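# Examining the three-dimensional arrangement
So you can see what is in the structure, the chains are spelled out below.
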Amino acid sequence: MATIAEALALALEHHLAGRLAEAQQLYHRILDVDPEQPDALHFLGVLAGQVGEQALGLQLIARAVAQRPEAADMHANSGNIRRSSGQPEAAVEDYRRAVALQPDFAEAWTDMANALRSLGRSAGAIAALERAVASAPALTIAVERLGALRHEEGRLLVEQGRGTESLRPLARAADLLPLDADVAFLYGNALFAMGLREDSTLAYRNALAITPDFPSAAFNLGVALGGVDRLDDSARALERAARLDPRHLDAIDRLVVALALLGRDDEAAVWGERALDLKDRTAMGTAPALPPLPAQPRGVERRRRNVIAFSLWSGQPAGAHDPVAILRHTLALHPGWTCRVHHDGTLSADRLAELAATGADLVAVVADAPTGGPYWRLAAADDPTVARFLCRDWDAPPTADSKAAVDAWIASGLPFHILRDGVLHTEVMSGGHWGGIAGLLPELLPLAERHAAAEADRAQDHRFLRRIVWPMIRDRALVHDRAHPRHGLPIPKA
């Protein structure tokens, strides 16, 4: 006849193998002999919980605990049944008893973390998992869950703008989950945001080593490398991002800049043409439904002035060219045209007097204008007294060649003109290099206000022109392009 110990071992073997009916039968036979045998009560209680009889399971385990209150595993299994039956608070208390009896009980710490997590107590869950991993570093489930929670903690801190605080949990997540590309990527983003550019490149490289076809990681690596003046490496990473995702406009545009800075203008021009192709296709494919442009300008009889429009506000321009010199040169090149400077209230009276002395018209923008400075010059296209308009920037002085391009446009009979004057001009049209016959387009400033409210950043005016204006004028514009021959005529020589 088998002993109780032998019967218990056989019952447990059946139990672990999933032969629950056989195990249950043996547990009952043991209890027929010894009704308070703690191991049989305990394991039968676990089995009852597994088959959905949670109340019975808790009763049986409670009887076992009464016989052996120092058994940590019994308290932990009671917690498991309570957790599965929707009693997470009671489960946490059972797990606390288990780990108080056996502080290195990694599985109980892990299960406690799951219960705490279900109660929304993430910090407690993380602390419990840290204890689990410290007790059993090879317990995969604890390592993975802790890594996931540390990742989530870091991500939430990043989203809240608490970058410094995010570094510790993200570093921990990266250490726990060294083969998780998303963790490495977010850690790199946090390092970059804190100005740790060199460290961020290591994190992005890790992400790419794990997932080689990760375009966002390649792109961010390229940006970070550019930030530490490693232009060759930056260009390689950006090209990788652009090849992984041929629609990644930011990668392509930044690659063009990197190649140009390296003096590789021919390569920059090739990628610039790709950018123009993509922007053109995207703009035309997503253009809003607008009525066709009229054949004649509205109120043509009132339109007598040709205007070259600029925008100026405090801190502008960022380049080395003085607006006063730009205005004088522009007026000398374009006799018969009026320069108009739209400005806000941040310019000093002396500065305004210098600008007015050039002969330019000064137009004050209301203090609560809903659009930013780059949009102000669009008012020339909406002005009922303007016949032709040019929108210009302060970043480069006008040239005789650009004047020849304007003359060629006027002679062409086409209503709009777009000028791309170098390899870096990869927008289908940019805010300071286009013009047209006024009164053909719908009023642009109201359209711009809606766009500006939706997308507030430094490049929003370029996107507005690409998405809204370009589809309306694309087939009625003369395009001059110095670097991208498939996208325009050569700029004429003066």
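Conventions used here
- Residues numbered from 1 in each chain as written.
- Predicted model: local features only at pLDDT ≥ 70, side-chain atom pairs only at ≥ 80, totals over all residues.
- Heavy atoms only, no water.
- Phe/Tyr/Trp six-rings, centres within 6.5 Å; stacked < 30°, edge-to-face > 60°.
- Helix = DSSP H or I, 4+ residues; strand = E, 2+ residues; numbered from the N terminus.
- Buried < 20%, exposed > 50% of the residue type's maximum accessible area, 1.4 Å probe, protein only.
- Lys NZ or Arg CZ within 6 Å of the ring centre and 35° of its normal.
- Pairing = 2+ DSSP bridges.
- Axes fitted to C-alpha atoms, helices over the stretch in contact; angles between N-to-C directions.
- Salt bridge = Lys/Arg side-chain N within 4 Å of Asp/Glu carboxyl O.
- Parallel < 35°, antiparallel > 145°, perpendicular 65-115°, else oblique.
- Left-handed = near helix turned anticlockwise from the far one by under 90°.
- Contact = heavy atoms within 4.5 Å.
- Nonpolar A, V, L, I, M, F, W, Y, C, P; charged D, E, K, R; others polar.
- Expected span 1.5 Å × (residues − 1).
- Right-handed = clockwise from strand over helix to strand, strands pointing away.
- pLDDT = per-residue confidence, 0-100.
- Arc of directions from axis to C-beta.
- Patch = residues over 30% accessible without salt bridge, like charges linked within 9 Å, V, L, I, M, F, W, Y side chains within 5 Å.
- Areas by Shrake-Rupley, 256 points an atom, 1.4 Å probe, with all protein chains shown as cover.

Within the structure shown, the criterion is met by seven aromatic pairs. Measuring from centroid to centroid gives 5.8 Å for W313 and W376, while their planes differ by 75°, and the two rings are edge-to-face. In this pair, W313 sits in the loop between β1 (305-312) and α17 (323-333) while W376 sits in helix α19 (residues 373-376), placing the two residues 63 residues apart along the sequence. Judged by its relative accessible area of 21%, W313 falls in the partly exposed class. Ring pairs connect the aromatic residues F185, Y204 and F214, which therefore count as one cluster. Sitting over the ring of F192, R197 keeps its end group 4.1 Å from the ring centre. Lying over the aromatic face of W271, R274 brings its terminal NZ or CZ to 4.1 Å of the ring centre.

On to the sheet that holds strand β2 (residues 338-343). Strand order in the open sheet formed by seven strands is β3-β2-β1-β4-β6-β5-β7, with mixed pairing between adjacent strands. Of all strands in the sheet, those with a lone pairing partner are β3 (361-364) and β7 (477-481), marking the two edges. Here the strands of the sheet are splayed against their neighbours by 20° on average, with no regard to which way each runs. Of the pairings in the sheet, the one linking strand β4 (residues 386-392) to strand β6 (residues 433-437) comprises five bridges and is antiparallel in character. Pairing of L390 across the sheet is with G435, part of β6.

The next point concerns the pattern of salt bridges. Evaluation of the coordinates by the stated rule reveals 36 salt bridges. With its nearest N and O atoms 2.7 Å apart, the salt bridge here joins R162 to E165. Judged by its relative accessible area of 36%, R162 is partly exposed. A salt bridge links E427 to R466; the nearest nitrogen and oxygen atoms lie 2.7 Å apart. Residue E427 is found in the loop between β5 (416-420) and β6, and its partner R466 is found in helix α23 (residues 460-473); the two are separated by 39 residues along the sequence. Across the pair, R466 and E427 agree in class, each one buried. Shared partners join several salt bridges into a network, and the residues in it are E130, R150, E153, R172 and D175.

Now for the packing of helix α11 (residues 181-193) against helix α12 (residues 197-210). One way to put it is that α11 packs onto α12 with a least axis distance of 8 Å and a crossing angle of 165°. One finds that α11 runs roughly antiparallel with respect to α12. As α11 packs across α12, the resulting crossing turns out to be left-handed. Residue-level contacts link A181, A184, F185, Y187, G188, N189, L191 and F192 of α11 to R197, D199, S200, A203, Y204, N206, A207 and I210 of α12. Looking at the contact of α11 with α12 residue by residue, the class counts come to 10 nonpolar, four polar and two charged.

Counted at 1.5 Å a residue, the expected span for helix α7 (residues 106-118) with its 13 residues is 18 Å, and the 19 Å between its end C-alpha atoms agrees. Most of α7 sits inside the fold, with 10 of its 13 residues counted as buried. For α7, every residue scored as buried is listed here: A106, A108, W109, T110, D111, M112, A113, N114, A115 and L116. Looking at the residues trailing α7, positive phi occurs at G120, about 80°.

Moving on to the pairing of β3. Direction of pairing for β2 relative to β3: parallel, over a ladder of four bridges. Paired with V341 across the two strands is L362, which belongs to β3. For the handedness criterion, the β-α-β arrangement of β2, helix α18 (residues 349-357) and β3 is classed as right-handed.

Residues at a pLDDT of 70 or more form 96% of the protein chain, whose mean pLDDT is 92. Across the protein chain, helix α14 (residues 231-244) holds the top mean pLDDT of 98, while helix α22 (residues 444-454) sits lowest at 78.

Our focus in this paragraph is the pairing of β7. Across the five residues that make up β7, a large majority, five, are buried. With burial as the criterion, each face of β7 is covered, one bearing A477, V479 and D481 and the other bearing L478 and H480. The pairing of β5 with β7 spans five bridges and is classified as parallel. Along β7, the bridge assignment pairs F416 with A477.

With 13 residues, helix α1 (residues 4-16) ought to run about 18 Å at 1.5 Å a step, and its terminal C-alpha atoms sit 18 Å apart, in line with that. A7, L8, A11, H14 and H15 are the residues of α1 that are buried. Buried positions in α1, seen along its axis, are confined to an arc of 125° and lie on one side of it. Looking at α1, the residues exposed on the side facing more than 90 degrees away from the buried face are A5 and L16. For α1, the secondary structure elements touched by its buried residues are α2 (20-33) and α3 (38-50). Of the residues flanking the end of α1, it is G18, one or two places downstream, whose phi is positive at about 85°.

This paragraph deals with a nonpolar patch on the surface. Among the surface-exposed residues, V257, L261 and L424 lie close enough to one another that they form a single nonpolar patch of about 280 Å² accessible area. Looking at the secondary structure, you find V257 in helix α15 (residues 249-261). Residue V257 is classed as partly exposed on the basis of its relative accessible area of 38%.

On to the side chain of H248. Mapped onto the fold, H248 is located in the loop between α14 and α15. Discounting chain neighbours no more than four positions away, the residues touching H248 are F219, A241 and L278.

Attention shifts here to the packing of α1 against α3. Two numbers describe how α1 lies on α3: the axes approach to 11 Å, and their chain directions differ by 15°. Viewed along their axes, α1 and α3 adopt a mutual orientation that is roughly parallel. Helix-helix and strand crossings are classified by hand; for α1 and α3 the assignment is left-handed. For the pair formed by α1 and α3, the contact residues are L8, L12 and H15 on the first element and D39, A40, F43, V46, L47 and Q50 on the second. Of the residues contributing to the contact of α1 with α3, the split by class is six nonpolar, two polar and one charged.

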